[in-house]
Amino acid sequence: MSLMAVSEALQRVLASASGEVLPGAETVPLADALGRVLAKPLFSEYDVPPWDNSAMDGYALHTEDMITAMQAGLKVSQRITAGMAPPALMRGTCARIFTGAPIPAGADTVEMQENVNVDEQGQASFAHALRPGQNIRPRGQDINAGSLLLDTGSRLRPQDLGLIASVGRSTVEVLKPLRIAVLSTGDELVEPGQPLGAGQIFNSNRYTLIGCLQRLGQQVIDAGILEDDPDATHKRLQSLAGRADVIITSGGVSVGEADYLGQTLREHGELDMWKLAIKPGKPFTLARFAGTPVLGLPGNPAAVLVTFLLLVRPYLLRRLGIQQVAPVTMDVAAGFDWKKPGNRDEYLRARLEDGHVVLAGNQSSGVLSSATEASGLVCITAGKTVARGDQLPFLPFEGLFD
Ligand code: AMP
Ligand code: MG
């Protein structure tokens, strides 16, 4: 069987996600809404700012009084601080005004205090002529009542929460998180905290995956360890399919005799794709079991990380109706040579050093320490060699985990 290109695999993963129904909606307090996805478009009921206000500490006046203001000066008839509702400005006078304070009716411009001289009698002389509207933040400058603030499918960032608060809303309607079962397959696995017996290794994938899912704000169903046994595999998938929106597994999808997960999905589920031209991560599997999507990740810890970030993350985001799922990618000059072209797209654990991307430690798919030394992944396309200084796409982890 030939290997599927990563770009095609991603298209299929996204198409599959787009075909699923969105999770239901729930109303949450705005303070708990960070990272959540809007279930409805959000419109403003208010103009922001709600009234014309001063952009400066200074003096408000009407431009028709400008000549007097520059020659004889104007009496300061009121003092307006933020939070006040001032009376109208008496014509032929000016108002002392502070940043954020409402412009009184009858004033149409503000001069900054540095350009105004106030004498002992309280007469303010203005050094320069002003145009109407100067140093005034007009009503609705930021937002107009009735306008769209944020659309369905927006994942709320801190500034989005601020924007929503600025129009007076204290709750938002967001999608419920996806319920995602995390299942680690392998007879060799034992949980951290337990003694390590002969032939055993600690289950690290479970933690990598739970961490990734927590960063995406989704609900984890921790399904523990699954033994390498066909009947147990079938039973466990059956029981998880009933209570999870997605099942994410690690291990058991290669071509070995003990890779029962892959076998069970192929024989008793619906296989969508298997075997990609990606390194690490070739055995990545997309399937469905008893109606529930199963994303089968390889067992090797670095392959778990890479396939989660490149395929599972966009899948999950699209399941939440998010359109923008491509990771942040920047072109960086290679700080290394790569002489042997591969037959798969290779995603290497890498970091930035002096404006170059350098490889982080051992790149074997079983090695995780290089992933902790790395700050992202660098991609070398199948068939390509790299000479020091060549531009390569670098995907920072910061852009891949959120
Ligand atoms: P598999 O795909 O099941 O053949 O596993 C490939 C490699 O990944 C083997 O060396 C496994 O021992 C290892 N592996 C599988 N699952 C885990 C896990 N949950 N944590 C750490 N290593 C694992
Ligand atoms: Mg295994």
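Relevant structure appears above.
Residues numbered from 1 in each chain as written. Chains lettered and ligands numbered in written order. Predicted model: local features only at pLDDT ≥ 70, side-chain atom pairs only at ≥ 80, totals over all residues. Heavy atoms only, no water.

S.K.: Hey, could you run me through the sheet that holds strand β16 (residues 219–226) in this one?
M.R.: Two pairing modes exist for strands in a sheet, parallel and antiparallel, and in both the strands are linked by backbone hydrogen bonds. If you trace the 6 strands from one edge of the open sheet to the other, you get β16-β13-β17-β21-β20-β18, paired in mixed fashion. Of all strands in the sheet, those with a lone pairing partner are β16 and β18 (270–274), marking the two edges. Within this sheet the neighbouring strands show an average axis-to-axis angle of 20°, counted without direction. Here strand β13 (residues 179–185) pairs with β16 via 6 bridges, running parallel. Bridged to R179 within β16 is Q219. Contacts from helix α5 (residues 230–241) reach β13, β16, β17 (246–250), β20 (285–289) and β21 (292–297), with the element oriented near 170° to β16. (Pairing = 2+ DSSP bridges. Helix = DSSP H or I, 4+ residues; strand = E, 2+ residues; numbered from the N terminus. Axes fitted to C-alpha atoms, helices over the stretch in contact; angles between N-to-C directions. Contact = heavy atoms within 4.5 Å.)

S.K.: Mind showing me how you'd approach α5 here?
M.R.: One turn of the α-helix equals 3.6 residues, which is why residues spaced by three or four share an orientation. If you check α5, its first and last C-alpha atoms are 16 Å apart, about what 12 residues at 1.5 Å a residue would give, namely 16 Å. Within the span of α5, buried status applies to A232, T233, L237, L240 and A241. Looking down the long axis of α5, one finds its buried residues gathered within 155° of arc, a one-sided arrangement. Facing away from the buried surface of α5 by more than 90 degrees, the exposed residues are D231 and K235. On the buried face of α5, the contacting elements are β13, β16, β17, α6 (260–268), β20 and β21. (Expected span 1.5 Å × (residues − 1). Buried < 20%, exposed > 50% of the residue type's maximum accessible area, 1.4 Å probe, protein only. Arc of directions from axis to C-beta.)

S.K.: What should I look at first to understand the sheet that holds strand β5 (residues 74–80) in this one?
M.R.: An order of β7-β4-β6-β5-β9-β8 is seen for the 6 strands of this open sheet, with the pairing classed as mixed. Two strands close off the open sheet at either side, each with one partner strand: β7 (109–112) and β8 (116–118). Here the average twist between neighbouring strands, direction ignored, is 40°. Where β5 and strand β6 (residues 93–97) come together, 5 bridges link them in parallel fashion. In the strand pairing of β6, I80 is matched with I97.

S.K.: What exactly am I supposed to notice about the site of ligand 1 here?
M.R.: As a structural note, the neighbourhood of ligand 1 is formed by 17 residues, with E188, N203, N205, G252 and G299 the closest of them. Contact between ligand 1 and N203: a nitrogen atom at 2.7 Å from a side-chain N or O atom of the residue. For the shell around ligand 1, the elements supplying multiple residues, two or more each, are β13 and β15 (201–202). For the shell around ligand 1, the per-class residue count stands at 4 nonpolar, 11 polar and 2 charged. (Near = heavy atom within 4 Å. Polar contact = N/O pair within 3.5 Å; in protein donor to acceptor, adjacent residues only side chain to side chain. Nonpolar A, V, L, I, M, F, W, Y, C, P; charged D, E, K, R; others polar.)

Interpretation note: all reported values are geometric properties and have no functional meaning in isolation.
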